[in-house]
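# A structural walkthrough
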Amino acid sequence: MAISVPQQVPNKSAVQPAVEEFMAGVVGQSPGEVEFHQAVHEVAESVMPVVQANPAYREARVLERLAVPDMVIMFRVVWADDNGQVHVNRGYRVRMNNLVGPYKGGLRFHPSVNLGVLKFLAFEQIFKNSLTTLLLGGAKGGSDFDPKGRSDGEIMRFCQAFMTALFRYIGPDIDVPAGDIGVGGREIGYLFGQYRKLTGCFHGSLTGKSLNWGGSNLRPEATGYGAVYFAEEMLATRKEGIAGKTATVSGSGNVAQYTIQKLNALGAKALTLSDSNGTIVDPDGIDDEKLAWVMELKNVRRGRIQEYVEKFRKAEYLPGKRPWSVPCDLAFPSATQNEVEEDDARQLVANGCFCVSEGANMPSTPRAVDVFQEAGILYGPGKAANAGGVAVSGLEMNQNAGCMKRSREAVDEQLRGIMCSIHENCVTYGANADGVVDYVRGANIAAFVKIADAMLQQGYV
Ligand SMILES: NC(=O)C1=CN([C@@H]2O[C@H](COP(=O)(O)OP(=O)(O)OC[C@H]3O[C@@H](n4cnc5c(N)ncnc54)[C@H](O)[C@@H]3O)[C@@H](O)[C@H]2O)C=CC1
Ligand SMILES: O=C(O)CCC(=O)C(=O)O
């Protein structure tokens, strides 16, 4: 089946009426889910010209079908804290679609979690997973549980209660959750333990597992490393490299930490880290030794990033601020959605930043994206730039299915290859006539045609 992708840059205003009509339907069916509307709107703007040029897509209502989850599982999670007090949280798994592989995507434990947030993340995930070249459908899940300040015992009991509700819906060929905000190696361990106990099965029903019991080499590193590899590919189109560049990084969790580790390895200088309280700026750079201290702070002691400036005296703390006012060549938003607003984007551009590679999911608001694109800087959206994490999760699933383990070097080579191919795909579908690449359009269309064709070929189900 030959699909037709218009070669002319689609003028946003030409497709706007169709986009707005489509969005009115989406908003009507999901009132108040603002993050979900934002994610769908961005994709609709990119792919509407392709839909309009292909009657088969229009007649099969491909876009409308993509914007409705296959299924949403919602459940109550009841657990007791260390004082015996009982708490009730909401748990969710949003299965967006499994057209090109089992449902796949992380679990988020954060008080801001609600159905709209998880629908946006699951929607993004189907496009991201399609780009990886692997057989992965899209899903996301989580809970409004706040892990901050909770003991190990409380985290374990919460994870066990969460899995007690979810276990019957997941499995290696069905739905394979992993980590996201608030869910790292510790939580995956407790979730897997409970799954194993309830089902009696030891198989790849979760990814991000520990190396000793089915995890893949390089899964913890993969999202951060991948975001840097994607930046490297973008920079190469302008005959630039990573070495010698300064970088701002937001967040201080899994993605931020390994972004900085790879930036250091490639000779860049990372200047910032943040959490929801504020930002630290280290003019000397966060070298590997300082990063090891941060990893201990965040992954073991679970402290706040402000402690960095007590340990490393040349660093400065910006309470309540994000990193985007700090001059840099490269920016890696790696915390959460909508953390780069229009003014932040203007400041980044005005200060000379010329490449943004998103480790987080949808960290830039639509107006911020416009600012980056109007300025003509390299802008890699999360669904392309942070796909390395789920890609190595896909490799973990393959290793589990084959009862084998691949070396760190082999996985790194595959990760690099996948990030290169995502970049190539973005160029194929996103290059404008003047040679400038619109990575948003490229990523959305490349992912969309694969999923839309699968939908047509598999019939109305
Ligand atoms: N872990 C993974 O493999 C992947 C993660 N992502 C995305 O990367 C981002 C970070 O995830 P992880 O590093 O895994 O989580 P994490 O839980 O390890 O770290 C999250 C970080 O973001 C900060 N943060 C959370 N909410 C914030 C807010 N409202 N304002 C400022 N900072 C905030 C936290 O303080 C923490 O430093 C998320 O957007 C996630 O969806 C994307 C692809 C894969
Ligand atoms: O590894 C995975 O399955 C999911 C990672 C994730 O949640 C994401 O890509 O946003």
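Conventions used here
Residues numbered from 1 in each chain as written. Chains lettered and ligands numbered in written order. Predicted model: local features only at pLDDT ≥ 70, side-chain atom pairs only at ≥ 80, totals over all residues. UniProt positions renumbered as here; feature names shortened; annotations may be inferred. Helix = DSSP H or I, 4+ residues; strand = E, 2+ residues; numbered from the N terminus. Rg over C-alpha atoms; globule rule 2.2 N^0.38 Å. Buried ≥ 20, exposed ≤ 12 C-beta atoms within 10 Å, placed from the backbone. Contact = placed C-beta atoms within 7 Å. Arc of directions from axis to C-beta. Pairing = 2+ DSSP bridges. Axes fitted to C-alpha atoms, helices over the stretch in contact; angles between N-to-C directions. Core = buried A, V, L, I, M, F, W, Y, C linked by C-beta atoms within 7 Å. Domains from an automatic or database assignment. Nonpolar A, V, L, I, M, F, W, Y, C, P; charged D, E, K, R; others polar. Near = placed C-beta within 6 Å. Parallel < 35°, antiparallel > 145°, perpendicular 65-115°, else oblique. Left-handed = near helix turned anticlockwise from the far one by under 90°.

As recorded in an unreviewed UniProt entry, the protein goes by Glutamate dehydrogenase and comes from Anaerobaca lacustris. As its UniProt record puts it under Sequence similarities (unreviewed entry), the protein is described as follows: "Belongs to the Glu/Leu/Phe/Val dehydrogenases family." According to UniProt, the comment filed for the protein under the heading Subunit (unreviewed entry) is "Homohexamer."

Of regular secondary structure, the protein possesses 17 helices and 13 strands. Taken against the 2.2 N^0.38 rule, which gives 23 Å for 461 residues, the C-alpha radius of gyration of the protein at 21 Å falls within 12% of a compact globule. Along the first, second and third principal axes, the C-alpha set of the protein runs to 60 × 50 × 45 Å. A total of 461 residues make up the protein; the buried ones form 52% of that total. Considering only intrachain contacts with a sequence separation of at least 6, the fraction spanning at least 24 residues in the protein is 74%.

Taken together, the buried positions of helix α13 (residues 366-375) are occupied by A368, V369, V371 and F372. Along the axis of α13, the buried residues cluster in a sector spanning 155 degrees; they form a single face. Buried residues along α13 sit in contact with α12 (342-350), β12 (355-357), β13 (378-380) and α17 (439-458). Just beyond α13, the residue with positive phi is G376, at close to 75 degrees.

This next bit is on the sheet that holds strand β8 (residues 272-275). Across the sheet, which stays open at both edges, the three strands sit in the order β8-β9-β10 with antiparallel pairing between neighbours. Where the open sheet ends on each side, the last strands, each with one partner, are β8 and β10 (316-319). The average undirected angle you get between the axes of adjacent strands in this sheet is 20 degrees. In this sheet, β10 lies alongside strand β9 (residues 278-281) in antiparallel orientation, the contact comprising four bridges. Residue pairing in the sheet places G278 in a bridge with P319 of β10.

With that settled, consider the environment of C355. For C355, the position within the fold is in strand β12. In this structure C355 comes out as buried when scored by C-beta crowding, with 24 C-beta atoms within 10 Å. For the pair C355 and I377, spaced 22 residues apart in sequence, the C-alpha separation works out to 5.9 Å. With residues up to four places along the chain from it excluded, the contact list for C355 reads A231, M234, L235, D329, L330, I377 and L378.

On to the nonpolar core, then. Among the nonpolar cores identified, the biggest contains 110 residues, and V47, A247, A384, A391, L415, A443 and I451 are the most heavily contacted of them. If you tally residues by element for this core, the top one is α17, at eleven residues. Sequence-distant contacts of A391, defined by excluding residues within four places in its chain, comprise T132, L134, A222, G226, L415 and I418. Counting 22 residues, the second-largest nonpolar core is a separate cluster that includes F145, F158, M163 and Y195.

In this section: the domain arrangement of the protein. The domain boundaries assigned to the protein delineate domain 1 (1-66 + 438-461), domain 2 (71-205) and domain 3 (220-385). Of note, the centres of domain 2 and domain 3, computed from C-alpha atoms alone, are 26 Å apart. Of the residues lining the interface, nine residues belong to domain 2; the matching set on domain 3 comes to eight residues. It is helix α5 (residues 115-131) that provides the largest number of residues to the side of domain 2 that touches domain 3, a total of six residues. Residue composition of the side of domain 2 that touches domain 3, grouped by class: five nonpolar, two polar and two charged.

Right, let's get into the site of ligand 1. Around ligand 1 there are 23 residues in total, and G253, D275, A335, A360 and G389 lie nearest to it. Put simply, the parts of the chain that give the shell around ligand 1 at least two residues each are α9 (254-265) and β8. Both domains that furnish three or more residues to the shell around ligand 1 are identified here as domain 2 (71-205) and domain 3 (220-385).

Orientation of helix α2 (residues 34-53) relative to α5, taken along the N-to-C sense of each, is 25 degrees, at an axis distance of 6 Å. With respect to each other, α2 and α5 are oriented roughly parallel. Contacts between α2 and α5 involve V34, E35, F36, Q38, A39, V40 and V43 from the first element and G116, V117, K119, F120, F123, E124 and F127 from the second. Partitioning the contact of α2 with α5 into residue classes produces nine nonpolar, two polar and three charged.

What follows covers the site of ligand 2. Lining the immediate environment of ligand 2, one finds K104, G105, G106, Q125, K128, A178, D180, T207, N361, G389, V390 and S393. Along the lines of polarity and charge, the residues of the shell around ligand 2 split into two nonpolar, seven polar and three charged.

Below, the discussion takes up the packing of helix α6 (residues 152-166) against helix α7 (residues 185-199). Packing of α6 against α7 leaves a shortest axis separation of 8 Å and a crossing angle of 45 degrees. The angle between the axes of α6 and α7 places the two elements in the oblique class. Along this stretch, α6 crosses α7, giving a crossing that reads as right-handed. Contact residues: α6 offers I155, M156, C159, Q160, F162, M163 and T164, while α7 offers R186, E187, Y190, L191, Q194, Y195 and L198.

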